[in-house]
Protein chains: 2
Amino acid sequence: MNKATSLLRRHSLQGEASLVQPENVYSRIRDDIIKGHIPADSRLKIRDLAARYGVSTNPIREALQQLRGEGFVIITPNRGARIRPIDEIFLRDTNEIELLLEPYLTRCFAEAVTINHIKQLEAIQDEIEALKFLNLDRHYELDTCFHWLMYEMHPNRQILDMWCKYRGVLGAVTSRFPITIGRQSAVIEEHRAVIACLKIHDAAGAEAVIRRHVSGSGRHMIQQLRAAKLFL
Amino acid sequence: MNKATSLLRRHSLQGEASLVQPENVYSRIRDDIIKGHIPADSRLKIRDLAARYGVSTNPIREALQQLRGEGFVIITPNRGARIRPIDEIFLRDTNEIELLLEPYLTRCFAEAVTINHIKQLEAIQDEIEALKFLNLDRHYELDTCFHWLMYEMHPNRQILDMWCKYRGVLGAVTSRFPITIGRQSAVIEEHRAVIACLKIHDAAGAEAVIRRHVSGSGRHMIQQLRAAKLFL
DNA sequence: AGTTGAATTATGTTACAACATATGTCAACT
DNA sequence: AGTTGACATATGTTGTAACATAATTCAACT
């Protein structure tokens, strides 16, 4: 296991929001939702799913509960679960939540940053730039690591848990899209900019950069979704 | 059913974050956690709980999953669930999340507010002031209604769901505490202040007032927790 | 259109197997 | 004697299966 993933695994909060998932039923269903293998808005019948994934009903029930918690399915009492379509609205809503969390977490980090942190961030950023987006999975890992390094020290574990959750959601969705050249250079520029702000202890500046960063990420994502006309 | 609760029930999002719960196993366990009937940090054994609440294991499993989603219990794979102690840290963390959500939602509302909304808010506020905190449950209902009126129109259902969730958590906890005189007048003053800001279309002002409002609510809560020395 | 009734599905129950973790026991060792 | 580590046992979680009940769907029928 490489440095980035071990870092993540070590800090994963409850197994639920772990950023490196095992291949359990939950993530298989999630994948099928994201990749559109199950028609949007269709009913998720427990017995069908149990047959489909070759497990009994209990793991399915649990998985559906988790998926509800992450907004992928909508459960109505006595009426079962339906898929929440992964559309523009879903991405916008999720991005809006990240836009609430990340700038705040960044500001908190900026106010407590040490020289050692900055060195680590620069090391990760060097790796990111060296990779040149040639391996998207690896890039996603490194990018997550970059952000996590800033947030992990925040004392509020509930917020961190939320961040992991929504980060995972967006990551799962966007991992199916390419990254445009324009977005690539923006990502690098923004990461460097936030490091620069941290160096001069400019918390407000760092916060603003991350707001721009997340916002741009959301716009890019939605743009890519539109480009791939299908529902996903 | 009165106006306030029907309003809430109508807009409850998935049954999960409903602000008026039925008496299912989930809420009974939650109550027992909040009221301290189960010692903090103790293991929640599925068999024991099933026996305690007179149901079989499956509903318990689901309830624990839900409680995990709301931060009340911590589940470790193959090692079961433990209670998350309802302590100062828990309240602070939860309040911090509200502090991220509510000012943002308020600002969004302030930018789209109509004269009709303001009239409704004033009507609720009149009721609140007429009640004079003589019936805390009713007060909580009205207060929730006041805030919900501002937020319900926001298009991001995920954020609203989160708000309902954390609102419910804090409500469940604080409903066991009295409200100090000082806090009572602060609540009224702050509600009036936000209405005043809305009238002059001062979104930033409304946001600031709500930030102060939520922040004060959190401080009051923690203070009351300290006063009641017990773990809860 | 509205009603009725059968089929479907969710939800809850029970029993049990498989697996992981924690606990206790015991012998070898310092 | 006390400590350490391997082993066995106990406890509890997780997954499976078959079944009962209650609610919802849906189609046939006035």
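Preceding this section is the structure that the text describes.
First things first, this report covers the structure right here in the doc.

Basis of the calculations
- Residues numbered from 1 in each chain as written.
- Chains lettered and ligands numbered in written order.
- Predicted model: local features only at pLDDT ≥ 70, side-chain atom pairs only at ≥ 80, totals over all residues.
- Heavy atoms only, no water.
- Near = heavy atom within 4 Å.
- Polar contact = N/O pair within 3.5 Å; in protein donor to acceptor, adjacent residues only side chain to side chain.
- Helix = DSSP H or I, 4+ residues; strand = E, 2+ residues; numbered from the N terminus.
- Nonpolar A, V, L, I, M, F, W, Y, C, P; charged D, E, K, R; others polar.
- Buried < 20%, exposed > 50% of the residue type's maximum accessible area, 1.4 Å probe, protein only.
- Least-squares fit on C-alpha atoms with pLDDT ≥ 70 in both.
- Contact = heavy atoms within 4.5 Å.
- Core = buried A, V, L, I, M, F, W, Y, C linked by side-chain atoms within 4.5 Å.
- Buried area = accessible area lost by both parts, 1.4 Å probe.
- Salt bridge = Lys/Arg side-chain N within 4 Å of Asp/Glu carboxyl O.
- Pairing = 2+ DSSP bridges.
- Phe/Tyr/Trp six-rings, centres within 6.5 Å; stacked < 30°, edge-to-face > 60°.
- Axes fitted to C-alpha atoms, helices over the stretch in contact; angles between N-to-C directions.
- Parallel < 35°, antiparallel > 145°, perpendicular 65-115°, else oblique.
- Left-handed = near helix turned anticlockwise from the far one by under 90°.

1. Quick word on the protein's contact with DNA strand C
Consideration 1: Around DNA strand C lies a shell of 15 residues, among which Lys45(A), Arg61(A), Asn78(A), Ser56(B) and Asn58(B) are the nearest.
Consideration 2: Between Arg61(A) and DNA strand C, the recorded distance is 3.3 Å, taken from a side-chain N or O atom to a base oxygen.
Consideration 3: Within the backbone of Ser56(B), an N or O atom sits 2.7 Å from a phosphate oxygen of DNA strand C.
Consideration 4: Of all the secondary-structure elements, those providing two or more residues to the surface near DNA strand C are β1 (43–44) of chain A together with α4 (57–69) of chain B.
Consideration 5: Taken together, the residues that form the surface near DNA strand C break down as five nonpolar, six polar and four charged.

2. What to know about the protein's contact with DNA strand D
Consideration 1: Near DNA strand D, the surroundings consist of 13 residues, among which Ser56(A), Asn58(A), Arg79(A), Lys45(B) and Arg61(B) are the closest.
Consideration 2: A share of 72% of the atoms of DNA strand D within 4 Å of the protein falls on sugar and phosphate groups.
Consideration 3: Residue Ser56(A) places a main-chain N or O atom 2.7 Å away from a phosphate oxygen belonging to DNA strand D.
Consideration 4: Within the backbone of Asn78(B), a nitrogen or oxygen atom sits 3.4 Å from a phosphate oxygen of DNA strand D.
Consideration 5: Mapped onto the surface near DNA strand D, the elements with two or more residues apiece are α4 (57–69) of chain A together with β1 (43–44) of chain B.

3. What to know about the environment of Ala227(B)
Residues and elements named next belong to chain B.
Consideration 1: Relative to the elements of secondary structure, Ala-227 occurs in helix α10 (residues 203–227).
Consideration 2: You can call Ala-227 exposed: its relative accessible area is 59%.
Consideration 3: Along the chain, Ala-227 and Phe-177 lie 50 residues apart, while their C-alpha atoms are 9.7 Å from each other.

4. A closer look at the relation of the copies chain A and chain B
Consideration 1: Once turned by 180° and shifted 0.0 Å along the axis, chain A lies on chain B with an RMSD of 0.2 Å. Given the turn and translation reported, the copies of this chain are related as if by a two-fold rotation axis.
Consideration 2: Here 100% of the contact residues of chain A are again contact residues in chain B; the copies associate through an equivalent surface.

5. Quick notes on the nonpolar core
Consideration 1: Membership of the largest hydrophobic core comes to 70 residues, with the highest contact counts inside it found for Leu121(A), Met150(A), Leu198(A), Leu121(B), Met150(B) and Leu198(B).
Consideration 2: Discounting chain neighbours no more than four positions away, the residues touching Met150(A) are Thr106(A), Phe109(A), Leu121(A), Leu198(A) and Ile210(A).

6. Things to note about the interface of chain A and chain B
Consideration 1: Each partner contributes to the interface: chain A provides 29 residues, whereas chain B provides 29 residues.
Consideration 2: Interface area, chain A with chain B, both sides summed: about 2,800 Å², of which 47% is carbon and sulfur.
Consideration 3: The interface formed by chain A and chain B contains zero salt bridges.
Consideration 4: Counting the contacts that link chain A with chain B gives 13 residue pairs in polar contact (both at pLDDT 80 or more).
Consideration 5: Broken down by secondary-structure element, the contributors of at least two residues to the side of chain A that touches chain B are α4, β2 (73–76), α5 (88–110) and α8 (157–174) of chain A.
Consideration 6: In terms of residue count, the dominant contributor to the side of chain A that touches chain B is α5(A) (eight residues).
Consideration 7: Looking at the side of chain A that touches chain B, its residues break down into 12 nonpolar, eight polar and nine charged.

7. A word on the pairing of strand β3 (residues 80–83) of chain B
Residues and elements named next belong to chain B.
Consideration 1: Direction of pairing for β1 relative to β3: antiparallel, over a ladder of two bridges. Residue pairing across strands places Leu-44 opposite Ala-81, the latter belonging to β3.
Consideration 2: In this structure, strand β2 (residues 73–76) lies alongside β3, joined through four bridges in antiparallel fashion. Across the sheet, residue Thr-76 finds its bridge partner in β3, namely Gly-80.
Consideration 3: Once β2 ends, the chain turns through three residues before running back antiparallel as β3, passing Asn-78 with a positive phi of about 65°.

8. Some points on the pattern of salt bridges
Oppositely charged side chains can form a pair if their charged atoms are brought close together.
Consideration 1: Within this structure, the stated rule accounts for 32 salt bridges over all chains.
Consideration 2: For Arg107(A), the salt bridge goes to Glu111(A), with nearest N and O atoms at 3.6 Å.
Consideration 3: One salt bridge in this structure joins Arg167(B) and Asp143(B), with 2.9 Å as the shortest N-O distance. With Arg167(B) in helix α8 (residues 157–174) and Asp143(B) in helix α7 (residues 136–151), this pair connects stretches of sequence that are 24 residues apart.
Consideration 4: Accessibility expressed as a relative area gives 8% for Arg167(B), which makes it buried.
Consideration 5: A single network of salt bridges, built from pairs that share partners, joins Arg107(A), Glu111(A), Glu207(A) and Arg211(A).

9. Brief notes about the packing of aromatic side chains
Residue and element names in this part refer to chain A.
Consideration 1: One pass over the structure, following the stated rule, counts six aromatic pairs over all chains.
Consideration 2: Measuring from ring centre to ring centre gives 5.5 Å for Phe-72 and Phe-90, while their planes differ by 35°; the resulting arrangement is tilted. One end of the pair, Phe-72, is in the loop between α4 and β2; the other, Phe-90, is in helix α5, and 18 residues separate them in sequence. Phe-90 carries the same exposure label as Phe-72, and that label is buried.
Consideration 3: Through pairs of rings, three or more aromatic residues link up here, namely Trp-148, Tyr-151 and Trp-163.

10. Thoughts on the packing of α5(A) against helix α5 (residues 88–110) of chain B
How two helices pack is summed up by the angle between their axes together with the distance between the axes.
Consideration 1: In contact at an axis separation of 11 Å, α5(A) and α5(B) are set at 125° when each is read in the N-to-C sense. One finds that α5(A) runs oblique with respect to α5(B). When you trace α5(A) past α5(B), the crossing you get is right-handed. Note on element contacts: α5(B) touches α5(A) through Glu96(B), Leu100(B), Leu101(B) and Tyr104(B), opposite Glu96(A), Leu100(A), Leu101(A) and Tyr104(A).

Distances and angles like these do not, on their own, reveal function.
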